[in-house]
Structure formats: C-alpha cells, structure tokens
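Remarks on the overall topology
Here is how the chains run, residue by residue.
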Amino acid sequence: MNIQTSDKSFTLFNQTFQEHYHSTKDGALKETLHKHIFPSFAYFKNKQKLRILDICFGLGYNTLCAIKYASSYGIQSLEIHSPEMDSCLLESLSSLTYPQDLDLEILNSLTQNHFYKSKNLEVFLHLGDAREILKSFQKSFFDIVFQDAFSPAKNPLLWTYEYFKTLFLLTQKDCILTTYSQNSAMLYSAFLAGFKPFKLTQKYTRDSILFTKLESTPTLKLENALAIKPINLAHKISTNRDLKGLYDSSCK
C-alpha cells in the first residue's frame, strides 16, 4: 500500500524488516535529495564521470534522482550499481506513485531487465545479497556510496565493521558515503574501517552523516545546509567504555 510521507511523496512499508523505505517525517523525496543526491553531487561537482553504489535499490528513488540531477551539477557520465534481494518488491513497483519528474521508463527497464543504458548512462540492478554482490567489484571502483539500507537495528549485516571495510577497499581515495543513520555503533564500525564521519545539518530534513577517507571537512555548496561538522569518534570512544562496534560475528 502506498504511504504518503510529509512532503507528499510516497513510500512503502517492508514487512520483513518492519520499517518504511524512507522517513515519513522528512519525506521520501526530500530525504533522497537532501541526504544523498545533493551532498554527494555538490562534493563532486563538474566531475566527468561518477560511479555510484546504491545500497540498496528498494523503490529506486536514489538511482532515479541521481539520473535526474547529475547534469545540473555538471556531471557528464554516470555508472550506477544497485543490489536488491527482493524480487517481489521489484515486481510491485509499477503500482507505486512516483514524483512526476522521475523517469519511469528507466525504472521499468531496471525492474524487468535489471539493466539500462543510454548515452553517458549505465545502470545495473543486481539481484541477490548485497554482501555477495560486492565481491565482484575491483578495488577503488566507486566514487559515491548511498548507504541507505534498513537500519542497523533491523539489518545489521549492512552496517558492520567488516562491511565498511569492504566499502573502504571498493571506494576511491576521494570518495563520499552518505547515510541517514546516526547510530553510534555504526559510526564506530565505519570509523574503525577507516572512514571519517561528519554530521550534516540542514533546514528541511533531520541531520544525516557523510563519510570520507580524508581528514578535512568536505566543502559543499548546499542551499539548505546549515553546518558540516566532524564527529570526534576518538573522544566518544575514550569517554564511553560501553560503546561497541557492529561485527559480523555478533549478527549471527
């Protein structure tokens, strides 16, 4: 059943993980744009080509919005890879109400053929377990990761130290990861894997997190951004002895 969120865009509820695919408070479209698309594209403005890992495809908002907005940031070419394990979900997306300016022809091609190609654009929808699919990529392959899996509490295997270590190996030195989650154990896990966390505060959505491999604070020209501040994980770790990361072994 279509669920209308606060910005009038629609999402769905996943019965397996008992979570919505998007924040109903922030709005499905607003969350996609302000927590993933705009920050990452502002970071790589005027880049000739970007490779994006969209974890996971879900309803397709991140992938479709990336396609729509790339040219407005001077990005000339996109290659997007997105895992998705729920084939039944993909079959149901034709009944979901999408924002009018998203390209549903591309969505239909992805749900039916799991691939779409046009001039300066290639999109691959990989059916199966995301952790297994990531094993097929070479090191330093991706520029951007939309880390948009169900929450660490519901789907911890896509937030563990081992998972982030894989992402660290698969991403470029100047990469950026975007996520809605501010979970402390997740932050610790990503930090141990080598990523530097930053909190992004904006006008129209709740705070989100950016990860880079670089020490310096990302320079982003975002219309609605209020602040980008580094998160001092070393201090949090030293002052909170109970803080623990997420590990594969604890998820079984």
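Residues numbered from 1 in each chain as written. Predicted model: local features only at pLDDT ≥ 70, side-chain atom pairs only at ≥ 80, totals over all residues. Heavy atoms only, no water.

You'll find the chain entered in an unreviewed UniProt entry as MnmC-like methyltransferase domain-containing protein, with Helicobacter canadensis MIT 98-5491 given as the organism.

All right, on to the layout of surface pockets then. Considered as a void within the structure, the largest pocket measures approximately 850 Å³ in volume. Residues of the lining of the largest pocket, tallied by class, amount to 14 nonpolar, 14 polar and eleven charged. (1 Å grid on protein atoms, 1.4 Å probe; cavity = no way out; pocket = protein on both sides within 12 Å on 5 of 7 lines; lining within 4 Å. Points joined across faces, edges and corners; volume = space filled by probe spheres on them. Nonpolar A, V, L, I, M, F, W, Y, C, P; charged D, E, K, R; others polar.)

So, about the sheet that holds strand β10 (residues 171-179). Remark on secondary structure: sheet strands pair via backbone hydrogen bonds, oriented parallel or antiparallel. Strand order in this open sheet of nine strands is β7-β8-β6-β5-β9-β10-β12-β11-β13, and the pairing throughout is mixed. What marks the edges here is a single partner per strand, and that holds for β7 (115-118) and β13 (225-230). Each strand of the sheet is rotated relative to its neighbour by a mean of 15°, with strand direction disregarded. In the packing of helix α7 (residues 184-193) onto the sheet, the strands contacted are β10, β11 (196-202) and β12 (208-212), and the crossing angle to β12 comes to about 10°. (Pairing = 2+ DSSP bridges. Helix = DSSP H or I, 4+ residues; strand = E, 2+ residues; numbered from the N terminus. Axes fitted to C-alpha atoms, helices over the stretch in contact; angles between N-to-C directions. Contact = heavy atoms within 4.5 Å.)

Of note, Thr5 is situated in the loop between β1 (3-4) and β2 (10-11). When its relative accessible area of 5% is taken as the criterion, Thr5 is described as buried. Here the side chain of Thr5 touches Asp7 through a polar contact of 2.8 Å, side chain to side chain. For Thr5, the side chain forms a polar contact with the main-chain nitrogen of Ala28, separated by 3.0 Å. Look past the residues within four positions of Thr5 in its chain and what remains in contact with it is Thr11, Ser23, Thr24, Gly27 and Ala28. (Buried < 20%, exposed > 50% of the residue type's maximum accessible area, 1.4 Å probe, protein only. Polar contact = N/O pair within 3.5 Å; in protein donor to acceptor, adjacent residues only side chain to side chain.)

Right, let's talk about the pairing of β10 for a bit. Relative to β10, strand β9 (residues 142-147) runs parallel, the two sharing five bridges. Within β10, the position partnered with Gln147 by the bridge is Thr179. With helix α6 (residues 161-170) bridging β9 and the parallel β10, this β-α-β connection has right-handed handedness. (Right-handed = clockwise from strand over helix to strand, strands pointing away.)

Here the focus is helix α1 (residues 28-43). Its 16 residues place the ends of α1 22 Å apart at the C-alpha level, agreeing with the 22 Å of an ideal helix rising 1.5 Å per residue. Along α1, the largest kink reaches about 35° and is centred on Ile37; proline Pro39 follows within four residues of it. Most of α1 sits out of view: 14 of its 16 residues are buried. (Expected span 1.5 Å × (residues − 1). Bend = angle between axes of the 7 residues up to and from the residue.)

A general tendency of soluble globular proteins is for nonpolar side chains to be buried together. Core analysis: the largest hydrophobic core is formed by 48 residues, its most contacted members being Ile37, Phe41, Leu59, Leu78 and Tyr98. At seven residues, the largest contribution of residues to this core is made by α1. Leave out the neighbours within four places in its chain, and Tyr98 touches Leu59, Tyr61, Leu64, Leu93, Leu104 and Leu107. (Core = buried A, V, L, I, M, F, W, Y, C linked by side-chain atoms within 4.5 Å.)

The positions UniProt marks with the feature "domain: MnmC-like methyltransferase" (unreviewed entry) are residues 115-196. Between the first and last C-alpha atoms of residues 115-196 the distance is 33 Å; the span itself is 30% helix and 33% strand. (UniProt positions renumbered as here; feature names shortened; annotations may be inferred.)

Two faces, one strand: in a regular strand the side chains alternate between the faces of the sheet. Note: strand β6 (residues 77-84) against strand β8 (residues 121-127), seven bridges, orientation parallel. Its bridge partner being in β8, Pro83 is matched across the sheet by His126. Relative to β8, β7 runs antiparallel, the two being bridged by four bridges. Residue pairing for β8: Tyr116 is matched across the bridge by Val123.

Packed helices, taken two at a time, are described by the angle their axes make and the gap between the axes. Look at α1 against helix α2 (residues 61-69): their axes get within 10 Å of each other, and the N-to-C directions meet at 55°. With respect to their mutual orientation, α1 and α2 come out oblique. Handedness of the α1/α2 crossing: right-handed. The residues of α2 that touch α1, namely those facing Ala28, Leu29, Thr32, Leu33, His36, Ile37, Phe38 and Phe41, are Tyr61, Asn62, Cys65, Ala66 and Tyr69. Within the contact of α1 with α2, the residues separate by chemical class into ten nonpolar, three polar and no charged. (Parallel < 35°, antiparallel > 145°, perpendicular 65-115°, else oblique. Left-handed = near helix turned anticlockwise from the far one by under 90°.)

Under the criterion given, the structure shown has nine salt bridges. Glu79 serves as the salt-bridge partner of Arg51, at 3.3 Å between the closest nitrogen and oxygen. Remark: Glu79 occurs in strand β6 and Arg51 occurs in strand β5 (residues 49-55); sequence separation between them is 28 residues. Accessibility expressed as a relative area gives 8% for Glu79, which makes it buried. The partner of Lys68 in a salt bridge is Asp101, and the shortest N-O contact between them spans 3.4 Å. Of this pair, Lys68 sits in helix α2 while Asp101 sits in the loop between α3 (87-92) and α4 (104-113), placing them 33 residues apart in sequence. Given a relative accessible area of 32%, Lys68 falls into the partly exposed group. For Asp101, a relative accessible area of 45% translates into the label partly exposed. Shared partners join several salt bridges into a network, and the residues in it are Asp26, Glu31, Lys35 and Arg206. (Salt bridge = Lys/Arg side-chain N within 4 Å of Asp/Glu carboxyl O.)

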